[in-house]
Amino acid sequence: NVVTEAAHARAIGKPLILISQDSAEDLPFDWKYMPVISYNLSIRGLNNLKENLIRRVRQILYLS
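Structural notes, computed from the coordinates. All values derive from a computational prediction rather than experimental measurement.

For the chain, the helix and strand inventory stands at 2 helices and 2 strands. Secondary structure of the chain in N-to-C order comes out as α-β-β-α. Looking at the chain as a whole, 22% of its 64 residues qualify as buried. Accessible area for the chain stands at about 4,900 Å²; split by element, carbon and sulfur atoms hold 54% of it.

Okay, structure coming up:
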């Protein structure tokens, strides 16, 4: 359950990457405190997802 995982990660300060085809505003939790990578199902959307995911993983690894 993404809501439980997001709440748990936030409570213990664990990094979490949320990926969704929906916009962050449509997700069922307070997304402002958890980064959400939204994408659309197309070649361009998947390429953007890849770039954003790589960037986010690098940020997490750099901060750890």
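Next, the rest of the story.
Among the structural elements, leucine 46 can be located in helix α2 (residues 43–63). When its relative accessible area of 37% is taken as the criterion, leucine 46 is described as partly exposed. In this structure leucine 46 touches Tyr39, Asn40 and Leu41, once residues within four positions along its chain are discounted.

Definitions and limits used
Residues numbered from 1 in each chain as written. Predicted model: local features only at pLDDT ≥ 70, side-chain atom pairs only at ≥ 80, totals over all residues. Heavy atoms only, no water. Helix = DSSP H or I, 4+ residues; strand = E, 2+ residues; numbered from the N terminus. Buried < 20%, exposed > 50% of the residue type's maximum accessible area, 1.4 Å probe, protein only. Areas by Shrake-Rupley, 256 points an atom, 1.4 Å probe, with all protein chains shown as cover. Contact = heavy atoms within 4.5 Å.

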